[in-house]
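Structural description and commentary
Chain residues, written in single-letter form:
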Amino acid sequence: MNNLQYTKYLFDNVKKISFADPGVIRDTYGRGENLTHKFLIKELKNFTKNIIIDFGGNFLATYEGKSKKKIVIGSHLDSQKHGGNFDGLAGVIMGIIVIKFFYEKKITPKNSIAVMGIRGEESCWFPYSYIGSKIALGQFDKKLLHSLKRSDTNKSLYYHIKKAGFNADKVSNNETNFDISNFKYFIEPHIEQGPVLEKKKIPLGIVTGIRGSFRYRDAFCKGDYLHSGATPFDYRKDSVVAVSMLVNEMNIYWKKQLKKNKDLVITFGQFFTDKKEHSFAKSSGLVNFCIDVRSSSNKILEIANKTLIKKIKLIEKKTNTKFYLGKQTNSQPALMDKKLIKIFQKYSKERSIKFEIMASGAGHDASVFANYGIPSIMLFIRNKNGSHNPKEYMSIKQFFEGYKVLCGAIENNYI
């Protein structure tokens, strides 16, 4: 098969083995993710025998170059629940096509080229970001192995790693069997999950940085269930009103920060009353919600968190309610390597491939490698219909525009 046919074959087969109506489900350390890893490892054996699977189930397939130093091309292979087929997967398949090119042309590159398939990036399965990449680098907090529970099974991460056939005890000891010292670069091709490239009709995004975040996933506000007609305004303890006020206040705060050119994104992704007790004829005594705050600056995140707490205290007084934010989870911002940014800009310009210089609003595994000290970069591929949904759509044509830049830069010794 030529590269175009083979790319379609890989995407189509992964979709088949992880299909869920609608979209796909590649659950972390579950059936969909496991089958996807197994299938892609089998395909990679056509181009290299040097494939290592680490103690947490990440794989690293290396095509040997003149140097042992590796250009690692990788991304995650899990998905959202009923997500799209291209999120994460596109980066791994692009790495496979790069290795296929060098193998079939019988070219020995300056540096070795490795493809990494990473576990557990999507935090919808376990309430924690970048599980697989942190395991790969020996940076995972062992306390979380037992405390993190999968959202659909309520079983621990330790249990699921062992059930999938990997060594959770070695993970607990932060052991890794990847030679990290030979990772020269980490490159993560990934669909853009926002609308910028599609709106501008530009095929490629060269990413300058990845936002970090703080999140309260299990927040709630308690008031009192009171009669909707018989309870006057001053006696209300309405949790819907209280949380609505918080959403509005934080939205106003966000807009003000944007006017000051501060990098900030605030999202209330869940907001719901208790279906067992809520009623047409009651003010609500309970609202569950979550909040996700992101920025490329730790300082901005810290100030936003303090602002959130301050506003909650004021709203509690005004509404006679009580907020409980629960456990806070975090991810660190990361800057992409300036040298790599310049190289990909230069190569794209020379090949007349249009690109956009942009930051990533979403979190990605590349941030873990960058913060570990491995020079890293992300290349965004133009993508329709957003991401984390079954309608996600990346055309193969756009995929190959990104591939031309990545493979060409390696072939022509730009990196």
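Summarised in this report is the structure supplied together with it.

A few words now on a positive patch on the surface. On the surface, Lys 255, Lys 256, Lys 259, Lys 260, Lys 262 and Lys 299 cluster together into a patch of positive charge. In terms of residue count, the dominant contributor to the positive patch is helix H9 (residues 239–259) (3 residues). Within the element layout of this structure, Lys 299 appears in helix H10 (residues 298–319). On the basis of relative accessible area, Lys 299 is assigned to the exposed category, the value being 61%.

Attention now goes to the packing of helix H3 (residues 89–105) against helix H13 (residues 396–411). Taken N-terminus to C-terminus, the directions of H3 and H13 make an angle of 50°; their axes are 10 Å apart at the nearest point. Comparing the axis directions of H3 and H13 gives the class oblique. For H3 against H13, the interelement crossing comes out right-handed. Between H3 and H13, the residues in contact are Ala 90, Ile 93, Met 94, Ile 97, Val 98, Phe 101 and Phe 102 and Phe 399, Phe 400, Gly 402, Tyr 403, Leu 406, Cys 407, Ile 410 and Glu 411, respectively. Here the residues of the contact of H3 with H13 sort into 13 nonpolar, 1 polar and 1 charged.

Here we come to empty space enclosed by the protein. In total, this model carries 1 cavity of 30 Å³ or more according to the counting rule given. For the largest cavity, the calculated volume is near 40 Å³. If you go around the largest cavity, the residues you meet are Pro 127, Tyr 128, Ser 129, Ser 213, Arg 215, Arg 217, Thr 329, Asn 330 and Ser 331. Going through the elements one at a time, strand E7 (212–222) and strand E13 (328–331) are the ones with two or more residues in the lining of the largest cavity. Here the lining of the largest cavity is composed, by residue class, of 2 nonpolar, 5 polar and 2 charged.

What counts, and where the lines are drawn
Numbering of residues starts from 1 in every chain and runs along the sequence as written. Per-residue local features of the predicted model are confined to residues with pLDDT of at least 70, and side-chain atom pairs are confined, for both listing and counting, to 80 or more; whole-chain, interface and lining totals are unaffected and use all residues. Computation of side-chain values: all heavy atoms of the structure, hydrogens and water removed. Put simply, a patch holds well-exposed residues, over 30% relative accessible area, that have no salt bridge, with like charges counted together within 9 Å and Val, Leu, Ile, Met, Phe, Trp or Tyr side chains within 5 Å. Per-residue accessibility takes into account occlusion by the displayed protein chains alone, with areas from the Shrake-Rupley method and a 1.4 Å probe. Salt bridge, as applied in this entry: a Lys or Arg side-chain nitrogen positioned within 4 Å of an Asp or Glu carboxyl oxygen. In this charge count, Lys and Arg are treated as positive and Asp and Glu as negative; neither His nor the chain ends contribute. The location of each charge is read from NZ of Lys, CZ of Arg, CG of Asp or CD of Glu. Every helix listed is a DSSP run of H or I at least four residues long, and every strand listed is a run of E at least two residues long, numbered separately from the N terminus. Only protein chains enter the accessibility calculation, which uses a 1.4 Å probe; a residue is then buried when its area is under 20% of its type maximum, exposed when over 50%, and partly exposed in between. An axis is simply a line fitted to the C-alpha atoms; with a helix, the fit covers only the stretch in contact. Between two such axes, the angle follows the N-to-C directions and lies from 0 to 180 degrees. Orientation labels follow simple angle bins: below 35 degrees gives roughly parallel, above 145 gives roughly antiparallel, 65 to 115 gives roughly perpendicular, and whatever is left gives oblique. It is the rotation of the near helix from the far one that decides the hand of a crossing: anticlockwise by less than a right angle makes it left-handed, clockwise makes it right-handed. Any two residues whose heavy atoms approach within 4.5 Å at even a single point are treated as in contact. Side-chain classes follow a simple rule in which Ala, Val, Leu, Ile, Met, Phe, Trp, Tyr, Cys and Pro form the nonpolar group, Asp, Glu, Lys and Arg form the charged group, and the remainder, Gly included, forms the polar group. Using protein atoms alone on a 1 Å grid, points that fit a 1.4 Å probe yet trap it form a cavity, whereas open point sets bounded by protein on both sides within 12 Å along at least five of seven lines form a pocket; residues with an atom within 4 Å of a point count as lining. Grid points are joined across faces, edges and corners, and a volume is the space filled by probe spheres set on the points.

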